[in-house]
Amino acid sequence: ADGGLRDAVELDLQRLMRNDAPASWGYADAEGLAAYDPDLRGPLAVSFERQHRIGRFAAPGADEGRLGDRPPAFDDGEAEARWPANVGLEALALMPDGRLLAIRDAPGYVAPAYFVTSEGVATRIAFPKLGPYTPAGADMAPDGRLYVVARRFTNLGGFAAAVWSCAVDGDRIHDPEVLAEFPPSSRIDNAEGLSAWQDALGRTRLLIVTDDNRNLLQRTLLLDFVVIR
């Protein structure tokens, strides 16, 4: 009655394919997902770490294509090979004009971000500071706002996370507003992805997924939130 999730069905999982064969782990460290069609059957864009790039898949299970003729240069001329293996394009969101927003999981409080055209041309942009957090997932909502889940980790406290809402005007992403913070005591765990949607009552809802990293001390969760502003 409230438009929330009630149950889940088993998904039809598809391997990430490269050259008509399953991609090796070092080449398939997928982080961000942007779907061009809500039913997930159409083109998909996926950002990867280790072999840093954005891949384009015509459909689930299809062979990987590239945006453009070569991997975009994402850091003002810095070669991809100089990026740390596990510090790449963590969040990916499809913008209303068809561009992709790619946000890098970089050390520090200012995350490099880029607009990427369908031809693979990447332009670095100024991205708001999100306090002591680094972005992990992002999505544009039907209400015109960009929502971002960001996280941090300390050896003593463990994982913490926060959810942010940002205004988008053309090439500008600005006025970040923190909607919720989850300290380590909340056990939100390792937040990895966010999807924004509108329920039957017209409210913006956010789904956040966490990753247990195959660690018995962590949990994989699917969290459902209603945005109240």
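The structure under discussion appears in the preceding block.
Because the structure is a prediction, the values reported are computed rather than measured.

Draft legend 1. Quick peek at the sheet that holds strand β4 (residues 44-49). Strands sit in the order β3-β4-β5-β6 across an open sheet of four strands; the sheet is antiparallel. Strands at the two margins of the open sheet, each flanked by one partner only, are β3 (29-35) and β6 (64-66). Sheet twist, expressed as the average angle between the axes of neighbouring strands with direction ignored, equals 35 degrees. Here β4 pairs with strand β5 (residues 53-57) via five bridges, running antiparallel. Across the sheet, Leu44 pairs through a bridge with Phe57, a residue of β5.

Draft legend 2. Quick look at the side chain of Glu49. Position of Glu49 relative to the elements: it lies in strand β4. For the buried Glu49, no salt bridge exists, and the shortest N-O distance to an oppositely charged side chain is 5.7 Å, to Arg50. At 2.9 Å, the side chain of Glu49 and the backbone nitrogen of Gly88 are in polar contact.

Draft legend 3. Focus on the packing of aromatic side chains. Scanning the entire structure with this criterion turns up three aromatic pairs. Arranged with centres 4.8 Å apart and planes meeting at 50 degrees, the rings of Phe153 and Phe159 form a pair that is tilted. Measuring from ring centre to ring centre gives 5.6 Å for Phe182 and Phe225, while their planes differ by 50 degrees; the resulting arrangement is tilted. Here the residue Phe182 occupies a position in strand β14 (residues 172-182), and Phe225 occupies one in strand β17 (residues 222-226), the gap between them amounting to 43 residues. Given a relative accessible area of 27%, Phe225 falls into the partly exposed group.

Draft legend 4. Seen up close, the environment of Asp169. Tracing the backbone through its elements, the reader meets Asp169 in strand β13 (residues 158-169). As a C-alpha pair, Asp169 and Gly144 span 25 residues in sequence and 9.6 Å in three-dimensional space.

Draft legend 5. Examining the pairing of β5 more closely. Within β5, four of the five residues are buried, leaving the element largely enclosed by the surrounding structure. Connecting β4 to the antiparallel partner β5 that follows it, the hairpin turn spans three residues, and Arg50 within it adopts a positive phi of roughly 70 degrees. Pairing of β5 with β6, which is carried by three bridges, proceeds in the antiparallel orientation. Counterpart to Phe57 in the pairing with β6 is Glu64. Two successive antiparallel strands, β5 and β6, enclose a turn made up of six residues, where Gly61 displays a positive phi of approximately 85 degrees.

Draft legend 6. Region of interest: the pattern of salt bridges. With the rule as written, the count across this model stands at 11 salt bridges. As a salt-bridge pair, Glu90 and Arg151 come within 3.1 Å of each other at their nearest N and O atoms. Here the residue Glu90 occupies a position in strand β7 (residues 89-94), and Arg151 occupies one in strand β12 (residues 146-154), the gap between them amounting to 61 residues. A single burial state applies to Glu90 and to Arg151, both of which are buried. Its salt-bridge partner being Asp199, residue Arg205 comes within 2.9 Å of it at the nearest N-O pair.

Draft legend 7. Expanded view of the nonpolar core. By size, the foremost hydrophobic cluster in this structure holds 23 residues, and its most contacted members are Leu101, Ile103, Phe127, Leu146 and Ile173. Looking at this core, the elements with two or more residues in it are β7, β8 (100-104), β9 (113-116), β11 (134-140), β12 and β13. Sorting elements by how many residues they give to this core places β13 first, with five residues. Setting aside chain neighbours within four positions, we find Ile103 in contact with Gly88, Leu89, Glu90, Ala91, Ala111, Pro112, Ala113, Phe127, Pro135 and Ala138.

Criteria and thresholds
- Residues numbered from 1 in each chain as written.
- Predicted model: local features only at pLDDT ≥ 70, side-chain atom pairs only at ≥ 80, totals over all residues.
- Heavy atoms only, no water.
- Pairing = 2+ DSSP bridges.
- Helix = DSSP H or I, 4+ residues; strand = E, 2+ residues; numbered from the N terminus.
- Axes fitted to C-alpha atoms, helices over the stretch in contact; angles between N-to-C directions.
- Buried < 20%, exposed > 50% of the residue type's maximum accessible area, 1.4 Å probe, protein only.
- Lys, Arg positive; Asp, Glu negative; His and termini not counted.
- Salt bridge = Lys/Arg side-chain N within 4 Å of Asp/Glu carboxyl O.
- Polar contact = N/O pair within 3.5 Å; in protein donor to acceptor, adjacent residues only side chain to side chain.
- Phe/Tyr/Trp six-rings, centres within 6.5 Å; stacked < 30°, edge-to-face > 60°.
- Core = buried A, V, L, I, M, F, W, Y, C linked by side-chain atoms within 4.5 Å.
- Contact = heavy atoms within 4.5 Å.

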